[in-house]
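Now for the letters of each chain:
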Amino acid sequence: MRRIETHPFIIAAVLFLLAWFLGFPMRAQSAPLGDVECTLIQDATSGQTLHQNGVCDQRFSPASTFKVPLALIGYDAGILSDAHTPSWDYKPEFNAVKRDHKTVDPTIWERDSIVWYSREIVRRLGAKSFAGYVSKFGYGNMDVSGDAGKDNGLTQSWINSSLEISPIEQTAFLRQLLAGKMPVSAKAHEMTRAILPSFQADGWTVQGKTGSTRLGNSKDKRSLGWFVGWAEKGGRRIVFARLVVDTKPIDMRKGLATRAAFLKDLTQLVK
């Protein structure tokens, strides 16, 4: 009679079937991480979808698009005052990239996407108030805990960490912002809309925010690019979200490339 240990695959098969039968958890193999793209455009008032292409219901890190809700929070909490106040000087302990070693106000913060300014706003809010606002906003998965075991929710949660949002949730949030229906003051709505960067695209006036980050751990080489906001032309107003997640190397931050492509495509996407 053949000895069973000469057939290890039989043992493995028996153990697998036994575990399945008894309901023991089995560790699944990680699925390949593929590219993701979404372009979503909706009427700002009615919410009617005018264009949708790609995977738009999957959540990812908001990266610097989180500066839009964070502006609402900052103005409502009284940390931010107007388009140019407060103006904070850079400090070495902020440990920022060299291009961000400068004095920053709310307009420059949004325009140049300054991470250390965001972190200063959140630090002054404190953990409880910060989490409370994100929860009240119903923003994505509302998880601002940060990386597991690192206690960095106040500095990292929105950058390749715990907080995630889908393109569909981005446009829903933007519609509420434009309608003045977020649970913050009228001034917070007004000032947030005022400081977002503005662009022109074939007769459209576009206001929006980019976001860029690398995803996952060192084994996940994908990078993410967002461009979210709204646009107006001839009395018509739309909200939009474009998301690109892939491994393609480019010469600029992924969010800037995503913005440039969207502005070029806009006229063809909305008839």
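Above this text sits the structure in question.
In what follows, the accompanying structure is described. On a predicted model such as this, the values are computed, not experimentally measured, just so you know.

The next point concerns helix H7 (residues 167-178). Its 12 residues give H7 an end-to-end C-alpha distance of 17 Å, which sits within 8% of 16 Å, the value for a rise of 1.5 Å per residue. Among all positions in H7, only Pro167, Gln170, Thr171, Phe173, Leu174, Leu177 and Leu178 are buried. Looking straight down H7, one finds its buried side chains confined to an arc of 160 degrees; they lie on one side. Where H7 is buried, its residues touch strand E1 (36-43), helix H2 (67-76), helix H5 (127-137), helix H8 (186-195), strand E5 (223-233) and strand E6 (236-246). The positive-phi residue at the C-terminal boundary of H7 is Gly180, with phi of around 70 degrees.

The strand order E2-E1-E6-E5-E4-E3 describes an open sheet built from 6 strands, whose pairing is antiparallel. Whereas interior strands pair on both sides, the edge strands pair on one side only; in this sheet they are strand E2 (49-54) and strand E3 (198-201). Neighbouring strand axes in the sheet, compared pairwise and without regard to direction, differ in orientation by 20 degrees on average. Of the pairings in the sheet, the one linking strand E4 (residues 204-214) to E5 comprises 10 bridges and is antiparallel in character. Bridge pairing in E5 places Gln207 opposite Trp230. Together, E1, E2, E3, E4, E5 and E6 form the strand contacts of helix H9 (residues 254-269), whose direction differs from that of E5 by roughly 40 degrees.

Attention now moves to the packing of aromatic side chains. Under the defined criterion, the tally for this structure stands at 17 aromatic pairs. Ring pairing ties together the aromatic residues Phe66, Phe130, Tyr133, Phe137, Tyr139, Trp158 and Phe173, which thus form one cluster. The ring of Trp88 carries the charged tip of Arg124 above its face, separated from the ring centre by 4.1 Å.

Moving on to the state of the cysteines. Counted according to the given criterion, the structure contains 1 disulfide. Disulfide pairing places Cys38 opposite Cys56 at an S-S distance of 2.0 Å. Its S-S torsion of approximately 100 degrees makes the covalent link between Cys38 and Cys56 right-handed. Of the two residues, Cys38 sits in strand E1 while Cys56 sits in the loop between E2 and H2, which places them 18 residues apart along the sequence. Of the two residues, Cys38 and Cys56, neither departs from the other in class, the shared state being buried.

Criteria and cut-off values
- Residues numbered from 1 in each chain as written.
- Predicted model: local features only at pLDDT ≥ 70, side-chain atom pairs only at ≥ 80, totals over all residues.
- Heavy atoms only, no water.
- Helix = DSSP H or I, 4+ residues; strand = E, 2+ residues; numbered from the N terminus.
- Expected span 1.5 Å × (residues − 1).
- Buried < 20%, exposed > 50% of the residue type's maximum accessible area, 1.4 Å probe, protein only.
- Arc of directions from axis to C-beta.
- Contact = heavy atoms within 4.5 Å.
- Pairing = 2+ DSSP bridges.
- Axes fitted to C-alpha atoms, helices over the stretch in contact; angles between N-to-C directions.
- Phe/Tyr/Trp six-rings, centres within 6.5 Å; stacked < 30°, edge-to-face > 60°.
- Lys NZ or Arg CZ within 6 Å of the ring centre and 35° of its normal.
- Disulfide = S-S within 2.5 Å.

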